[in-house]
Structure formats: structure tokens, C-alpha cells
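Tertiary structure, described
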Amino acid sequence: MKIASFNINSVKARLGNLTEWLKEASPDIVCLQELKCVDEAFPRSEIEDLGYNVATHGQKTYNGVAILSKLPLEDITRGLPGKDDDEQARYIEAVVSVNQKALRIASIYLPNGNPVNTEKFEYKLHWMDRLIDHAAMLLSYEEPLALLGDYNVIPTADDVHDPVAWADDALFRPETRAKFRELLSLGLTDAFRASHTEAHRYTFWDYQGGAWAKDNGIRIDHILLSPQAADRLIACDIDRNVRGREKPSDHVPIWAELDFSA
């Protein structure tokens, strides 16, 4: 089974880019972030025509997450538990059945948090606390679990082209990285790092300053696996070439293959 995450940066603006990649890569499940549209405006028919079931949690102009699946989606949860009045659409979760086994999937669009000396950074850290609490609860089920998405976290200096330049950015602040380590310490595995040891592999390149041409990127899109899912991990990689296409997202897909044959 191939699962993937892709911050599409406006699904309507980049629908052609998305459908082209879906046809090429043929993932079984895709978690999308930054839809930038309400549920009713999501291009559902175009995605369903490619054989996917669709679950969305949209928001006008900003944010928005979705799960696309070739398998039926069950037990859908929209919104990250822990704050009932949170209006930002940043989390959606569902369960699929694979060879009579349950796989729980979540699409995550973690807050950016910049500027650091504002309530936006506090919101980011509090959101991460809620994610840690919810992930701990999900891990207690002791089932295959995959938390995919744009975490807006640069885990280490190996995941950024210039650590000094990013030192005071909310994505690389010590507080942010500490929360991410706390999440991992629950027992989650970074699928990419479990498959690759080389430094400077990125999932995001800014539109400004010739970042793509200079390979001035960061790795902020992650697939985190529970022990029951990590045991099934075959491969994980980044579809870097997608960034070089016409009118691309500033992110590229990251994917993992899991073995559910037994």
C-alpha cells in the first residue's frame, strides 16, 4: 500500500498538477493540505473520476485538509480534538480496511507560527500539545497509524539548507523542535529518516529568491508511523521532480509504502 502527503497550496489553482501526479504515482491514499477552499468548492468529481473516495475539511481562502483513498473511508473525524472553538481547518482523520486490518490515517496541516513573538507562535505550540495528546490516545489502540502532513517543523540542521538563516524562524525554533521530538518520543517513527540517512533532502522550496534553482529547501512534510505501521514500512521517498513543473506548489509529495500482505 502506498500512502502519500502533498501540500497542494490551493487545490483549485493546481488541480492539473495534482491529477497529473495522481495518475503517475498512483498512491492508494493521499493526504492533502492547504486546500484553500470550502468543502463544497473542492473538485470532488475530478478526483473521484480517478478512482478515489474523498473526505474534506475545508475553509474559505485558508488552510483545509483532505484524505483521498482508493479504499472506503470510515470513522471520519474533522478537526483536532482538544479545542472545540478552533475554527482553523487543519486536521482530518479516517480509517481504511486493508486485508481485514484497520489503518488509521490523518492529514495534518500544523500552524506556521510566524512571527515568533506573537500569538501565532503560541497557537502553534498549543496546537502541537493537542496533537501530542491525541496521538498518545491513538497509539493506545495499538493499531497501524500514519500521521501525514505539512508539520511546519524542520526537525534538525540536516533538514535545512542554511540553519543559521532559519535559526529564529518558527519552523526551526528550539521550542518547535522540542515539541516534535516529544511527539516522536510517544513511539512514532519518521518514515523518511527510517529509510534515508543522507542530509539535505527537502520537501519545500519557497517561490522567492530562486530557492528552487539554488536548492535552498527545507524538509517540513513528514510521515509519522506507529510501531504497528513502522513494522510494515518498505520504502519512503520524496517526489522532488514535481516542484519543477509549470505552476507548481511550493511543496512536493512525500510517500511511503507499507506491506499489508500478511
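This text goes with the structure placed above it.
This write-up is about the structure you can find in this document. (Residues numbered from 1 in each chain as written. Predicted model: local features only at pLDDT ≥ 70, side-chain atom pairs only at ≥ 80, totals over all residues. Heavy atoms only, no water.)

Some remarks on the overall build of the protein
Along its length, the protein carries seven helices and 14 strands. Over its C-alpha trace the protein gives a radius of gyration of 17 Å, about what one expects of a compact globule, namely 18 Å for 262 residues. The buried share of the protein, taken over its 262 residues, is 55%. Expressed as a percentage of contacts within the protein between residues at least 6 apart in sequence, the contacts between residues at least 24 apart total 69%. Summing over all exposed atoms, the protein offers an accessible surface of approximately 11,100 Å²; the carbon and sulfur share of this is 47%. (Helix = DSSP H or I, 4+ residues; strand = E, 2+ residues; numbered from the N terminus. Rg over C-alpha atoms; globule rule 2.2 N^0.38 Å. Buried < 20%, exposed > 50% of the residue type's maximum accessible area, 1.4 Å probe, protein only. Contact = heavy atoms within 4.5 Å. Areas by Shrake-Rupley, 256 points an atom, 1.4 Å probe, with all protein chains shown as cover.)

Side note on the sheet that holds strand 13 (residues 233–238)
Read across the open sheet, the six strands follow the order 3-4-2-1-14-13; overall the sheet is mixed. At either end of the open sheet lies a strand with only one pairing partner, and these are strand 3 (53–57) and strand 13. The sheet shows a mean angle of 15° between the axes of neighbouring strands, taken without regard to direction. Sheet topology note: the strand 3/strand 4 (residues 65–69) ladder contains five bridges and is antiparallel. Its bridge partner lying in strand 4, histidine 57 is registered against valine 65. Relative to strand 1 (residues 2–7), helix 1 (residues 15–25) is tilted by about 165°, and along the sheet it contacts strand 1, strand 2 (29–33) and strand 4. (Pairing = 2+ DSSP bridges. Axes fitted to C-alpha atoms, helices over the stretch in contact; angles between N-to-C directions.)

Description of the sheet that holds strand 8 (residues 145–150)
The strand order across the open sheet formed by six strands is 5-6-7-8-12-9, and the pairing between neighbours is mixed. Sheet topology places strand 5 (74–78) and strand 9 (189–190) at the edges, where each strand pairs with a single neighbour. Across the face of the sheet, helix 3 (residues 119–139) comes into contact with strand 6 (91–98), strand 7 (101–109) and strand 8 while running at roughly 20° to strand 6.

A word on the layout of surface pockets
Of the pockets and cavities examined, the largest pocket occupies roughly 480 Å³. Grouping the constituent residues of the lining of the largest pocket by class yields eight nonpolar, nine polar and nine charged. (1 Å grid on protein atoms, 1.4 Å probe; cavity = no way out; pocket = protein on both sides within 12 Å on 5 of 7 lines; lining within 4 Å. Points joined across faces, edges and corners; volume = space filled by probe spheres on them. Nonpolar A, V, L, I, M, F, W, Y, C, P; charged D, E, K, R; others polar.)

Points about the nonpolar core
In this structure, Ile3 and Phe42 are the most contacted members of the largest nonpolar core, which totals 53 residues. For phenylalanine 42, the residues in contact, after removing those within four places along its chain, are Val11, Leu32, Leu35, Cys37, Ile47, Val54, Thr56, Ala66 and Leu68. Ranked by size, the runner-up nonpolar core spans 21 residues in total, among them Trp127, Met128, Ile132 and Leu147. (Core = buried A, V, L, I, M, F, W, Y, C linked by side-chain atoms within 4.5 Å.)

Examining the environment of glutamate 20
As for its position among the elements, glutamate 20 is in helix 1. Look at glutamate 20 and you get partly exposed, because its relative accessible area is 37%. The spatial distance from the C-alpha of glutamate 20 to the C-alpha of valine 242 is 9.7 Å, given a sequence separation of 222 residues.

Points about the environment of arginine 104
As for its placement among the helices and strands, arginine 104 is situated in strand 7. Judged by relative accessible area, which is 8%, arginine 104 ranks as buried. A C-alpha to C-alpha distance of 9.9 Å links arginine 104 and serine 226, two positions 122 residues apart in sequence. Beyond its immediate sequence surroundings of up to four residues, arginine 104 is in contact with Asp75, Glu93, Ala94, Val95, Leu138, Tyr141, Glu143, Pro144, Leu145 and Ala146. Polar side-chain contacts of arginine 104 include one of 2.9 Å to the side chain of glutamate 93. (Polar contact = N/O pair within 3.5 Å; in protein donor to acceptor, adjacent residues only side chain to side chain.)

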